[in-house]
Amino acid sequence: MTERFDCHHCEGSLFGRKYVLREEQPYCVACFEDLFASTCEECGKLIGCDCKDLSYKDRHWHEACFHCSRCRGSLVDKPFAAREDQLLCTDCYSQEYSSRCQECKKAIMPGTRKMEYRGSSWHETCFVCHGCQLPIGTKSFIPKDGQNFCVPCYEEQHALQCVQCQKPITSGGVTYREQPWHKECFVCAACKKPLSGQRFTSRDEFAYCLGCFCDLYAKKCAGCANPISGLGGTKYISFEERQWHNDCFNCKKCSLSLVGRGFLTERDDILCPDCGKDI
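Each chain has its residues counted from 1, running along the sequence as written. Local features in this predicted model are restricted to residues whose pLDDT is 70 or higher, and side-chain atom pairs enter the listing and the counts only when it is 80 or higher, whereas totals over whole chains, interfaces and linings include all residues. Note that the side-chain values use all heavy atoms of the structure and ignore hydrogens as well as water.

Going by the annotation in an unreviewed UniProt entry, the name recorded for the protein is Four and a half LIM domains protein 2, with Camelus dromedarius given as the source organism. UniProt positions are given in the numbering used here, feature names are shortened, and annotations may be inferred rather than shown by experiment. According to UniProt, the comment filed for the protein under the heading Subcellular location (unreviewed entry) is "Nucleus".

Take a look at the structure:
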């Protein structure tokens, strides 16, 4: 007796009929398509056993239905991109969604390398120095008036020159007497300590830190012998070519403050009227 060979689902005989194996079980074509065939995303019909099933992210198409949703060109064996459930050929995708090169204004195709800076994009070959026209690539660059420059070209064409060392100032810098300086070049004329961010004063067109200025040029207090800077609102008393800090202008004997009071002198000393009445 001949062994039976039936459809695993409807149990109809498969002798002399086309069938499909799934997980080692035979199915007649009708049962297989009813149970397992995918529905085409484009036309909504089943993708039968005699058709090629093209799939992408759990979605399925007939070969003839697998085309660009914009230009309708076939995507079979061609690169494509997906946008909001639509499939697009690379040309249509770039026309609709790709960035435009800031230099040549053409679309930057998907998969090609691009350079980006502050919301603008360039083809790698278009991202060049405005001065020497050489590709910048991943090297440092400096933007100027909407153009990008490699560091050597920027220094040669646009950078300010430090009045001290005559070298370009590429970042930061200090302006003193309307002239540019590197921060590290703007130093005290006496002790050479950097003055950037510090209080300083000048004399004879040279800049000095407060300490050096006081040591070199400030008047000395007749009371404590320390410099009277006169800076920052410091008050002092002057009398016959001598100066005192306000806090030092006191009676030599009783130490009473003589600021705003009458006083007497005895040689180099100052006295209040009471202590000086027996002079």
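Here the narrative resumes.
**Student:** Describe in detail the overall build of the protein, supporting the description with residues and values.
**Tutor:** Under the scheme used here, helices are H or I runs from DSSP no shorter than 4 residues and strands are E runs no shorter than 2 residues, and both carry numbers assigned from the N terminus. Tallying secondary structure elements over the protein gives 4 helices and 22 strands in all. Considering only C-alpha atoms, the protein reaches an extent of 155 × 50 × 30 Å along its principal axes. Taking all 279 residues of the protein together, the buried fraction comes to 29%. In the protein, of all internal contacts separated by at least 6 residues, the share reaching a separation of at least 24 is 11%. On the protein, roughly 19100 Å² of surface is accessible, and the fraction owed to carbon and sulfur atoms is 45%. Each charge sign in the protein was given a centre, from 36 positive and 37 negative side chains, and these centres are 9 Å apart. Relative accessibility thresholds used throughout: buried, under 20% of the residue-type maximum; exposed, over 50%; partly exposed, between the two (1.4 Å probe, protein chains only). Any two residues whose heavy atoms approach within 4.5 Å at even a single point are treated as in contact. Computed with a 1.4 Å probe, the accessible areas rest on the Shrake-Rupley method; for each residue, only the protein chains presented here act as cover. His is not counted, nor are the chain ends; Lys and Arg add positive charge and Asp and Glu add negative charge. To locate a charge, take atom NZ for lysine, CZ for arginine, CG for aspartate or CD for glutamate.

**Student:** Can you lay out the nonpolar core for me, pointing to particular residues and giving the numbers?
**Tutor:** As used in this record, nonpolar core signifies buried Ala, Val, Leu, Ile, Met, Phe, Trp, Tyr and Cys residues forming a set joined through side-chain atoms within 4.5 Å. Grouped together as the largest cluster of nonpolar side chains are 15 residues, with contacts concentrated most on F66, C68 and L75. Elements with a minimum of two residues in this core: β6 (86-89) and α2 (90-96). Take this core: its biggest share by element is 3 residues, from β6. Every residue in contact with F66, bar those within four places of it in the chain, is listed here: L54, W61, S74, L75, V76, F80 and L87.

**Student:** Any details on the domain arrangement of the protein? Residues and values, ideally.
**Tutor:** One frequent convention defines the size of an interface as the accessible area lost when the parts assemble. For every domain, the bounds stem from an assignment made automatically or drawn from a database. Structurally, the protein comprises domain 1 (94-155) and domain 2 (158-213). Relative placement of domain 1 and domain 2: their C-alpha centres are 36 Å apart. At the interface, 5 residues of domain 1 touch 5 residues of domain 2. Here domain 1 meets domain 2 over a buried area of about 490 Å², counting both sides, of which 63% is carbon and sulfur. Note: buried area is the sum, over both parts, of the accessible area (probe 1.4 Å) each one loses when the two are combined. It is K144, Y154 and E155 in domain 1 that bury the most area against domain 2; as a group they hold 79% of the surface buried on that side. One side-chain nitrogen of Lys or Arg within 4 Å of one carboxyl oxygen of Asp or Glu is enough to make a salt bridge. At the boundary of domain 1 and domain 2, one finds 0 salt bridges. For the purposes of these results, a polar contact is taken to be a pair of N or O atoms within 3.5 Å, where, inside protein, one atom must be able to donate a hydrogen and its partner to accept one; residues adjacent in sequence count only when each atom of the pair is a side-chain atom. At the boundary of domain 1 with domain 2, the tally comes to 0 residue pairs in polar contact (both at pLDDT 80 or more).

**Student:** Lay out the state of the cysteines in plain terms, naming residues and giving numbers.
**Tutor:** Here, the term disulfide refers to a pair of cysteine sulfur atoms separated by no more than 2.5 Å. Taken as a whole and judged by the stated rule, the model has 0 disulfides. Of the cysteine sulfurs around C40, a residue in no disulfide, the closest is that of C65, at 3.7 Å. Using a relative accessible area of 2% as the deciding quantity, one classes C40 as buried.

**Student:** An account of the pattern of salt bridges is needed here, citing residue identities and associated values.
**Tutor:** Under the defined criterion, the tally for this structure stands at 4 salt bridges. Across the pair E42 and R72 runs a salt bridge, and its minimum N-O distance is 3.0 Å. With E42 in the loop between α1 (29-36) and β3 (53-56) and R72 in the loop between β4 (59-62) and β5 (80-83), this pair connects stretches of sequence that are 30 residues apart. E42 gets classed as partly exposed once you look at its relative accessible area, which sits at 39%. When its relative accessible area of 46% is taken as the criterion, R72 is described as partly exposed. Among the ionic pairs, R113 bridges to E124, the shortest N-O distance being 3.2 Å. You can see R113 sitting in the loop between α2 and β7 (114-117) and its partner E124 sitting in the loop between β8 (120-123) and β9 (141-144), a full 11 residues away along the chain. For R113, a relative accessible area of 53% corresponds to the exposed category.

**Student:** Which residues make up unusual backbone geometry, and what are the values?
**Tutor:** At D77, a residue that is not glycine, the phi angle is positive and equals roughly 60 degrees. Looking at D77, the relative accessible area reads 79%, which means it is exposed.

**Student:** Talk me through the pairing of β5; I want residue IDs and the actual numbers.
**Tutor:** Whether two strands pair comes down to DSSP finding at least two bridges between them. Where β5 and β6 come together, 4 bridges link them in antiparallel fashion. Looking at the pairing, A81 lines up with L88 of β6. Between β5 and β6, which pair antiparallel and follow one another directly, the connecting turn spans 2 residues, one of which, E84, has a positive phi of 50 degrees.

**Student:** Report on the UniProt feature "domain: LIM zinc-binding" (unreviewed entry) in the protein, specifying residues and quantitative values.
**Tutor:** Mapped onto this structure's residue numbering, the UniProt feature "domain: LIM zinc-binding" (unreviewed entry) falls at residues 38-98, 99-160 and 219-279. Within residues 38-98, the helical portion is 11% and the strand portion 26%, while the C-alpha atoms at the span's ends are 32 Å from each other.

**Student:** Can you tell me about the pairing of strand β10 (residues 147-150), naming the residues and giving the values?
**Tutor:** As paired elements, β9 and β10 share 4 bridges and run antiparallel to each other. By the bridge assignment, F141 is partnered in β10 with C150. Following β9, the chain reverses through 2 residues before pairing antiparallel with β10; D145 in that reversal takes a positive phi of roughly 55 degrees.

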